[in-house]
Amino acid sequence: MQFGPIWRALMRNKTGAILIALQVAVTMAIMVNAISIIQTRAEAMARPSGIDEPNIFYISSIGFNDAFNERVAVEEDLAALRAMPGVVDALQTNSVPLSGGGWSMGLQTEPGDDMDGVGVAVYFVDDHALDTYDLELVAGEFFSPTDIEWREGSSSTWPDRTVITVAMAEALFGEDEWRSGVGKTVYINNNEPMTVTGIIDRMQAAWNGWDGVERTMLVPQRTLFGSSRYIIRAEPGLRDELMPQVEEMLAQSNKDRIVRGLRTMEETRERSYRGDASMIKLLMFTIGLLLLITALGIVGLASFSVSRRTKQIGTRRALGATRADIAGYFMSENLLISGMGVLLGAALTVGLNMWMVDAFDLDRMEVWLVPAAMGVLLVVGQLAVFGPARRASSVPPAVATRTV
Amino acid sequence: MLSMQNISMVYRTDTVETHALRQFNLDVGEGEFVAITGPSGSGKTTFLNIAGLLEKFTSGRYELDGKDVSSLSDAATSRVRNEKIGFVFQGFNLIPDLNVFDNVDVPLRYRGFNGAERKQRIERVLDMVGLASRQKHLPAQLSGGQQQRVAIARALAGEPRFLLADEPTGNLDSQMAMSIMELIQEINRGGTTIIMVTHDPTLANLAGRNVHIRDGRVSDSDADTQLAEVAVG
Ligand SMILES: Nc1ncnc2c1ncn2[C@@H]1O[C@H](COP(=O)(O)OP(=O)(O)OP(=O)(O)O)[C@@H](O)[C@H]1O
Ligand SMILES: [Mg+2]
């Protein structure tokens, strides 16, 4: 291609070209940074919770009169739930991963009031937790039935053992040392010792935006807080069938409480990330809109430049240009304009990213996004200019003698 | 060299049919200098466009260099225009955004010559038209006569066998017109076949042969020539 004279001719009509190049640059900067944000959010959304989400649902049971004996109710409920056909296992707990509400405490490896503990999400569970959540025990042992105690709502003491996630073990004992945590003593409430008996692969906390979302501890207690939450894991495919049955069974079996809040884990995840999902949609829409506006700008500039140069096109045809030469001229011209745009855009993108990382504490963008976006914008430019270029190539050569 | 037999050209719009050429016959030999005259609307430009392969004709037979050109593809006619034909237009048709050098370069790039060859050719033709010192000027910085010289240089740079000119002096005052005519005559003496449309009988008489077109037909050209000779005395 003959970029030399195309460039020199372009430089005699800079204004439009510079505006379009700027538009390309701004589009690229916003696009790349938006994609970077989308990536971060999408990665967060893709993190596994560590539990068998498709088959798990939960429901709350709340006693509402003095006749309600919570301890008896929990034991009866769990026995009944675990006996239901289609139920893999069930347990009582205080909170649900990704639900937004739960307990957190601090754990430390040495006792002492002046130490900062490592923040951790707390789930009270019994010995059925591995089966109910489908957790993977990667070191040590899990709770046995005799480990399970009752916890009063007013209690502030802790049992002598706990099971923690790999992420929590890494935070307490070091990245490569997490396995060594089994058998070690950690301190809760600054001074109260608990022994880490086992380590599970993964289980997310209730808060997806927390940077310690995978730091979780399991405590071998059933709670007497007046309100119980039952986690139920169904056999694959039976969840939706079981949910109304469970609700009905619990409601009928004990008239001194109400049951409510029947919900699947899938819905919990969806609600948890609803904000992120709409943010991603909004950003994608913005990117699409910007690309469209840029493409339209390119179409506009190219169309204008084709009609302004009709006679010149006819003259070039008379002098021996083929249709392909003419189309190539406008495609090349766009390549130069868009090329300026993406070069400027690369600088603008990096600048905007540095500022955003600084101002909003975002993750730095991945470097490959810059060349990828440059490529995308060059392709968009070529596609946008294709129509005007084709129109230019169909200007008849006789225009050279017929117009004044 | 150029042979047209029974060429017809009909322009059709929704409402009218214009017969721009009817049963048009003309033969031009190698090295001839033919002036085409005729009233406005008689079909001079139409003839030149067809001769220069800028337009397809409706019917008839046209041979250029002994080859029937009516069936050539668009790309092939582009190549013939590029290699065999040079065009000079009434409005000069220089590309306003390119300087003199780049303007003359346009057909050479389509020809695919390398940079050194193009440069050498451009310098030679600019020298020939007396504008060697104006290579970096833009068309707008030149007089009309100078612009037409650049256009002639551009037409000649590829060494075409054929030069077609539609009113090449139409936009110039008589002094500049004369010097352009002298240039064209000189080019003809160099062996290039020239067909020039003009409405100026004085300039037409400088050509080797006059063809008069009326209503899309060649009127008796011998008679015209004789009349002209009588007039000149
Ligand atoms: N593209 C076209 N569509 C329709 N009619 C046309 C077209 N081009 C030319 N004509 C008609 O064809 C006829 C011949 O036109 P042409 O331009 O060849 O005349 P001309 O001899 O060059 O005239 P002038 O001396 O004014 O340049 C005219 O009647 C003109 O209106
Ligand atoms: Mg004309």
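Predicted model only: the values in this text are computed from it and were never measured. (Residues numbered from 1 in each chain as written. Chains lettered and ligands numbered in written order. Predicted model: local features only at pLDDT ≥ 70, side-chain atom pairs only at ≥ 80, totals over all residues. Heavy atoms only, no water.)

A. Structural view of the overall build of chain A. Secondary structure assignment for chain A yields 12 helices and 12 strands. Expected size for 404 residues packed as a compact globule is a radius of gyration near 22 Å; at 32 Å, chain A overshoots this value by more than 25%. A burial count over chain A gives 50% of its 404 residues as buried. Summed over its atoms, the accessible surface of chain A is roughly 18,100 Å², and 57% of this surface lies on carbon and sulfur atoms. (Helix = DSSP H or I, 4+ residues; strand = E, 2+ residues; numbered from the N terminus. Rg over C-alpha atoms; globule rule 2.2 N^0.38 Å. Buried < 20%, exposed > 50% of the residue type's maximum accessible area, 1.4 Å probe, protein only. Areas by Shrake-Rupley, 256 points an atom, 1.4 Å probe, with all protein chains shown as cover.)

B. Seen up close, a negative patch on the surface. All names here are of chain A. A cluster of acidic side chains, namely E43, D361, D363 and E366, defines a negative patch on the protein surface. On the secondary structure map, D363 appears in the loop between α10 (323–360) and α11 (369–393). A residue is classified by how much of its surface remains accessible, and D363, at 47% relative accessible area, is partly exposed. (Patch = residues over 30% accessible without salt bridge, like charges linked within 9 Å, V, L, I, M, F, W, Y side chains within 5 Å. Salt bridge = Lys/Arg side-chain N within 4 Å of Asp/Glu carboxyl O. Lys, Arg positive; Asp, Glu negative; His and termini not counted. Charge placed at Lys NZ, Arg CZ, Asp CG, Glu CD.)

C. Up close: the packing of aromatic side chains. Residue and element names in this part refer to chain A. The final tally for this structure, using the stated rule, is 12 aromatic pairs over all chains. Taking the centre distance of 4.9 Å and the plane angle of 85° together, the rings of W103 and F124 count as edge-to-face. Placement of the pair is W103 in strand β3 (residues 103–108) and F124 in strand β4 (residues 118–125), with a sequence separation of 21 residues. Taking relative accessible area as the criterion, W103 reaches 30% and is therefore assigned partly exposed. Judged by its relative accessible area of 0%, F124 is buried. Judged by centre distance (4.8 Å) and plane angle (45°), the ring pair of F142 and F143 falls under tilted. F143 gets classed as buried once you look at its relative accessible area, which sits at 5%. Among the aromatic residues, those joined into a cluster by ring pairs are W103, F124, W158 and F225. (Phe/Tyr/Trp six-rings, centres within 6.5 Å; stacked < 30°, edge-to-face > 60°.)

D. Local environment of the domain arrangement of chain A. Taken domain by domain, chain A holds domain 1 (3–46 + 274–401) and domain 2 (101–122 + 135–219). The centre of domain 1 of chain A, based on its C-alpha atoms, is set 53 Å off from the matching centre of domain 2 of chain A. (Domains from an automatic or database assignment.)

E. The arrangement of the environment of L383 of chain A in detail. Residues and elements named next belong to chain A. Within the secondary structure, L383 is located in helix α11. By relative accessible area, L383 is classed as exposed at 62%. C-alpha of L383 to C-alpha of M331: the two residues are 52 residues apart in sequence and 9.1 Å apart in space.

F. Highlighting the pairing of strand β4 (residues 59–64) of chain B. Residue and element names in this part refer to chain B. Bridge count between strand β1 (residues 2–12) and β4: five bridges; the pairing is antiparallel. Across the sheet, the residue bridging to S3 is E63, located in β4. The antiparallel pairing of β4 with strand β5 (residues 67–68) creates a hairpin that spans two residues between the two strands, and D65 there sits at a positive phi of about 60°. (Pairing = 2+ DSSP bridges.)

G. Main features of the sheet that holds strand β11 (residues 227–234) of chain A. Residue and element names in this part refer to chain A. If you trace the four strands from one edge of the open sheet to the other, you get β2-β11-β1-β12, paired in antiparallel fashion. Both outer strands of the open sheet, β2 (87–93) and β12 (257–264), are each paired with one neighbouring strand and no more. Neighbour to neighbour, the strand axes of the sheet diverge by 20° on average, direction disregarded. Relative to β11, β2 runs antiparallel, the two sharing six bridges. Bridging from a neighbouring strand, D89 pairs with R233 of β11. Against the sheet, helix α3 (residues 70–83) touches β1 (56–63), β2, β11 and β12, its axis set at about 165° to β2. Against the sheet, helix α7 (residues 265–272) engages β1 and β12, with an angle of about 70° to β12. (Axes fitted to C-alpha atoms, helices over the stretch in contact; angles between N-to-C directions. Contact = heavy atoms within 4.5 Å.)

H. Examining the side chain of S272 of chain A more closely. Residue and element names in this part refer to chain A. Within the fold, S272 resides in helix α7. Note on S272: relative accessible area 17%, which makes it buried. At 3.4 Å, the side chain of S272 and the backbone oxygen of L98 are in polar contact. A distance of 2.6 Å separates a polar atom in the side chain of S272 from a polar atom in the side chain of N208. (Polar contact = N/O pair within 3.5 Å; in protein donor to acceptor, adjacent residues only side chain to side chain.)

I. Just the site of ligand 1, in detail. Neighbouring residues of ligand 1: R402 of chain A together with Y11, T18, A20, P39, S40, G41, S42, G43, K44, T45 and T46 of chain B. Residues lining ligand 1 come from chains A and B. At 2.6 Å from an oxygen atom of ligand 1 is found a side-chain nitrogen or oxygen belonging to R402 of chain A. With respect to ligand 1, the backbone of G43 of chain B contributes an N or O atom lying 3.0 Å from an oxygen atom. Out of a free accessible area of 630 Å², ligand 1 has 64% covered by protein chains. In terms of residue count, helix α1 (residues 44–51) of chain B provides more of the shell around ligand 1 than any other element does, three residues in total. The class makeup of the residues in the shell around ligand 1 is three nonpolar, seven polar and two charged. (Near = heavy atom within 4 Å. Nonpolar A, V, L, I, M, F, W, Y, C, P; charged D, E, K, R; others polar.)

J. Region of interest: the pattern of salt bridges. All names here are of chain A. A full pass over the atoms with the stated rule returns 34 salt bridges over all chains. Between R239 and E266 there is a salt bridge, with its nearest N and O atoms 3.0 Å apart. Residue R239 is located in helix α6 (residues 239–253), and its partner E266 is located in helix α7; the two are separated by 27 residues in the primary sequence. For R239, a relative accessible area of 12% gives the class buried. Salt bridges sharing common partners tie together R82, D89, D126 and R222.

K. Structural view of the sheet that holds strand β6 (residues 85–88) of chain B. Residues and elements named next belong to chain B. Across the sheet, six strands lie side by side as β6-β7-β8-β3-β9-β10; this open sheet has mixed pairing. Both edges of this open sheet fall to β6 and β10 (217–218), since each of them pairs with a single strand only. Pairing analysis gives two bridges linking strand β9 (residues 209–214) to β10, with the strands arranged antiparallel. By the bridge assignment for β10, I213 is matched with V218. Here α1 sits on the sheet in contact with β3 (33–37), β6, β7 (162–166), β8 (193–197) and β9, set at roughly 155° to β7.

L. Looking closely at helix α5 (residues 166–173) of chain A. Residues and elements named next belong to chain A. Listed as buried for α5 are V166, M168, A169, L172 and F173. Angular distribution of buried residues about the axis of α5 spans 160°; they occupy a single face of the element. One or two residues past the end of α5 sits G174, with phi positive at roughly 110°. (Arc of directions from axis to C-beta.)

M. Structural view of the packing of α3 of chain A against α6 of chain A. Residues and elements named next belong to chain A. Interaxial distance between α3 and α6 falls to 11 Å at its minimum, and their mutual angle equals 145°. Every pair of crossing elements has a handedness; the one defined by α3 and α6 is right-handed. Taken together, the residues of α6 that come into contact with α3 (itself represented by D77, A80 and L81) are V246, M249, L250 and S253. Split into classes, the residues belonging to the contact of α3 with α6 amount to five nonpolar, one polar and one charged. (Left-handed = near helix turned anticlockwise from the far one by under 90°.)

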